[in-house]
Amino acid sequence: AQLVESGGGLVQAGGSLRLSCAASGRTFSNYVMGWLRQAPGKEREFVATINWNGGITAYADSVKGRFTISRDNAKNTVYLQMNSLKPEDTAVYYCAAETARTNIATRAGSYDYWGQGTQVTVSS
């Protein structure tokens, strides 16, 4: 699967962004999808994940209540709506796919395919 993220950019603290990830292939609806991020000098960390039909989601504590993950299987696309952004949300955000047919995946090592990343910068 090929994954292509879009929607990153520069935003002031308190603002919002919506990231999109378009996937190629006919088996997108089988995949667990996730968003992870990596800030300079830090390890890649889990942000959010969603199961194949959108019925199960999970979030990192740091984004719970501010971020929402969703998917549209007809469009082979997963989204991350980010509200009330903080400077500490600044990072490169990656879309990822896990093909093992688990419900959700909260570890970076669980994912099989990755996008190229999109930069999100939140100014204070």
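See the structure shown above.
The rules behind the values
Counting starts from 1 at the beginning of each chain's written sequence and moves along it residue by residue. Per-residue local features of the predicted model are confined to residues with pLDDT of at least 70, and side-chain atom pairs are confined, for both listing and counting, to 80 or more; whole-chain, interface and lining totals are unaffected and use all residues. Note that the side-chain values use all heavy atoms of the structure and ignore hydrogens as well as water. Here's how the labels work: a residue is buried when its accessible area is under 20% of the maximum for its type, exposed when over 50%, partly exposed in between, all with a 1.4 Å probe on protein chains only. Put simply, DSSP marks the helices as runs of H or I at least four residues long and the strands as runs of E at least two long, and each gets a number from the N terminus on. Strands qualify as paired when DSSP identifies two bridges or more between them. Only buried Ala, Val, Leu, Ile, Met, Phe, Trp, Tyr and Cys residues count toward a nonpolar core, and they belong to the same one when joined by side-chain atoms within 4.5 Å. Only heavy atoms enter the contact rule, under which two residues are in contact if any of them lie within 4.5 Å. Polar contact is defined as a pair of N or O atoms within 3.5 Å, subject to the rule that within protein one atom must be able to donate a hydrogen and the other to accept it, and that residues adjacent in sequence are counted only when both atoms are side-chain atoms. To get an axis, a line is fitted to the C-alpha atoms, and for a helix only the part in contact is used. The angle between two axes follows their N-to-C directions and goes from 0 to 180 degrees.

### What to know about the pairing of strand 1 (residues 3–6)
Alternating residues of strand 1 divide into Leu 3 and Glu 5, all buried, and Val 4 and Ser 6, none buried. In this sheet, strand 3 (residues 17–23) lies alongside strand 1 in antiparallel orientation, the contact comprising four bridges. Bridged to Leu 3 within strand 3 is Ala 23.

### Overview of the nonpolar core
By size, the foremost hydrophobic cluster in this structure holds 36 residues, and its most contacted members are Met 33, Trp 35, Val 78, Leu 80, Met 82 and Tyr 93. At the level of secondary structure, the elements contributing two or more residues to this core comprise strand 3, strand 4 (32–38), strand 5 (45–50), strand 6 (57–59), strand 7 (67–72), strand 8 (77–82), strand 9 (91–98) and strand 11 (118–123). Contacts of Val 78, omitting those with residues within four sequence positions, involve Leu 19, Ser 20, Cys 21, Phe 28, Met 33, Trp 35, Ile 50, Ile 69, Ser 70, Arg 71 and Cys 95.

### A closer look at the pairing of strand 7
Burial of strand 7 is one-sided: the residues Phe 67, Ile 69 and Arg 71 facing one way are buried, the residues Thr 68, Ser 70 and Asp 72 facing the other way are not. Summarising the sheet, strand 7 and strand 8 pair through six bridges and their orientation is antiparallel. From the neighbouring strand, Thr 68 faces strand 8, where its bridge partner is Gln 81. Counting the residues in the hairpin turn of strand 7 and strand 8 gives four residues, including Asn 76, whose phi is positive at 50°.

### A few points about the side chain of Arg 37
Relative to the assigned elements, Arg 37 resides in strand 4. A polar side-chain atom of Arg 37 sits 3.5 Å from a polar atom in the side chain of Ser 62. A distance of 2.9 Å separates a polar atom in the side chain of Arg 37 from a polar atom in the side chain of Tyr 93. Contacts of Arg 37, omitting those with residues within four sequence positions, involve Glu 43, Arg 44, Glu 45, Val 47, Ser 62, Val 63, Phe 67, Glu 88, Asp 89, Ala 91, Val 92 and Tyr 93.

### A closer look at the sheet that holds strand 1
On the basis of which strands lie adjacent, the open sheet formed by four strands has the order 1-3-8-7 and antiparallel pairing. Strands with a single pairing partner mark the edges of an open sheet, and in this sheet they are strand 1 and strand 7. Across the sheet, the axes of successive neighbouring strands diverge by a mean angle of 15°, strand direction being ignored.

### Observations regarding the environment of Trp 114
Structurally, Trp 114 is set in strand 10 (residues 113–114). Expressed as a C-alpha distance, the spacing of Trp 114 and Gly 54, which sit 60 residues apart in the sequence, is 19 Å. Setting aside its immediate chain neighbours within four residues, Trp 114 contacts Leu 3, Leu 36, Arg 44, Tyr 94, Cys 95, Ala 96 and Ala 108.

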